[in-house]
Number of protein chains: 2
Amino acid sequence: MNALGRHVLCEVNGCKGEMLDDIKDVERVMVTAALTAGAEIREVAFHKFSPQGVSGVVVISESHLAIHTWPELGYAAVDVFTCGDTVDPWVAVDYITKAFEATDVTASEVQRGINLGQDSESQQDDEEKKAS
Amino acid sequence: MNALGRHVLCEVNGCKGEMLDDIKDVERVMVTAALTAGAEIREVAFHKFSPQGVSGVVVISESHLAIHTWPELGYAAVDVFTCGDTVDPWVAVDYITKAFEATDVTASEVQRGINLGQDSESQQDDEEKKAS
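Bear in mind the structure is a predicted one, so any value in this text is a computation, not a measurement.

A. Quick peek at the interface of chain A and chain B. Counting from both sides, the interface comprises 49 residues of chain A and, opposite them, 49 residues of chain B. Taking both sides of the interface into account, the surface hidden between chain A and chain B amounts to around 3700 Å²; carbon and sulfur atoms contribute 59%. Seen at the junction of chain A and chain B, the total is two salt bridges. For glutamate 11 of chain B, the salt bridge is made with arginine 112 of chain A, and the minimal N-O distance between the two is 2.6 Å. Listed by contribution, the elements that provide at least two residues to the side of chain A that touches chain B are strand S1 (2-13), strand S2 (41-48), strand S3 (54-60), strand S4 (63-70), strand S5 (75-83), strand S6 (104-114) and strand S7 (127-131) of chain A. Ranked by residues supplied to the side of chain A that touches chain B, first place goes to S6 of chain A with nine residues.

B. Geometry of the side chain of glutamate 62 of chain A. Residue and element names in this part refer to chain A. Residue placement: glutamate 62 occurs in the loop between S3 and S4. For glutamate 62, which is buried and forms no salt bridge, the nearest opposite charge comes from arginine 42, at a distance of 7.2 Å. Within the local environment of glutamate 62, its side chain forms a polar contact with the backbone nitrogen of glutamate 40, the two atoms lying 3.2 Å apart. Among all residues touching glutamate 62, those that are not within four sequence positions of it are Gly38, Ala39, Glu40, Phe81, Thr82, Cys83, Thr86 and Val87.

C. Structural detail: the packing of aromatic side chains. Taken as a whole and assessed by the stated rule, the structure comprises two aromatic pairs over all chains. The interplanar angle of 50° and the centroid separation of 5.4 Å between the aromatic rings of tryptophan 70 of chain B and tyrosine 75 of chain B together place this pair among those described as tilted. Across the pair, exposure class does not vary: tryptophan 70 of chain B and tyrosine 75 of chain B are buried alike. When the ring centre of phenylalanine 81 of chain A is taken as origin, the NZ or CZ atom of arginine 112 of chain A, which lies over that ring, is 5.1 Å away.

About the criteria used
- Residues numbered from 1 in each chain as written.
- Chains lettered and ligands numbered in written order.
- Predicted model: local features only at pLDDT ≥ 70, side-chain atom pairs only at ≥ 80, totals over all residues.
- Heavy atoms only, no water.
- Contact = heavy atoms within 4.5 Å.
- Buried area = accessible area lost by both parts, 1.4 Å probe.
- Salt bridge = Lys/Arg side-chain N within 4 Å of Asp/Glu carboxyl O.
- Helix = DSSP H or I, 4+ residues; strand = E, 2+ residues; numbered from the N terminus.
- Buried < 20%, exposed > 50% of the residue type's maximum accessible area, 1.4 Å probe, protein only.
- Lys, Arg positive; Asp, Glu negative; His and termini not counted.
- Polar contact = N/O pair within 3.5 Å; in protein donor to acceptor, adjacent residues only side chain to side chain.
- Phe/Tyr/Trp six-rings, centres within 6.5 Å; stacked < 30°, edge-to-face > 60°.
- Lys NZ or Arg CZ within 6 Å of the ring centre and 35° of its normal.

Next up, the structure:
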């Protein structure tokens, strides 16, 4: 694979449910995470669900940060995709998990890019990271 | 893992570069993909880069569809995340790859959800799919 970017998928558990249900809090955390990682923000789109939950995305020059929250479970599904070498997706992930005071986090990094004819297994360079 | 959703990461190669550089075309394809899969659209945010490339996200009730294009390489990085059982992310992925007339596609499905204390490797249930 000709790698163009890194995509971190993160299961964020044990969060403060109240924060996860506040669209302003969730948007603030995601925007600040992008800026903390040095990304350039292009678009911001968040939605509050009834009776609970928030979904939203920050589109950055380097790709995107996305979040979907289940406040009733203290859980958020986060993914951070960055292309190029200037922004480290793990900096954003670390900011987000700390901001929500997560007690258990599992994340994996997937290399994204152009197929060069290798088999599909060799194209996925996962890096597992678990903190509890 | 207590699965809440399915996240398909898709490397879309051999696309028509002209379509990938047209923000209206890219947004139309992603919105139609969401609707074709039966998703409920909540927010739409797309951005055109200079000199080339489009990034955008469709936030749906069931999570999101995202795309980042490299027209000069005929390549798009697509991901489709759906929670619940009503929307099949592969329906959206299939629509997108056909719409861009991709000649080579590699995609993998990652299960998303709450940690239940298993080790991290067992929490990722990838399904590899390659079509060329």
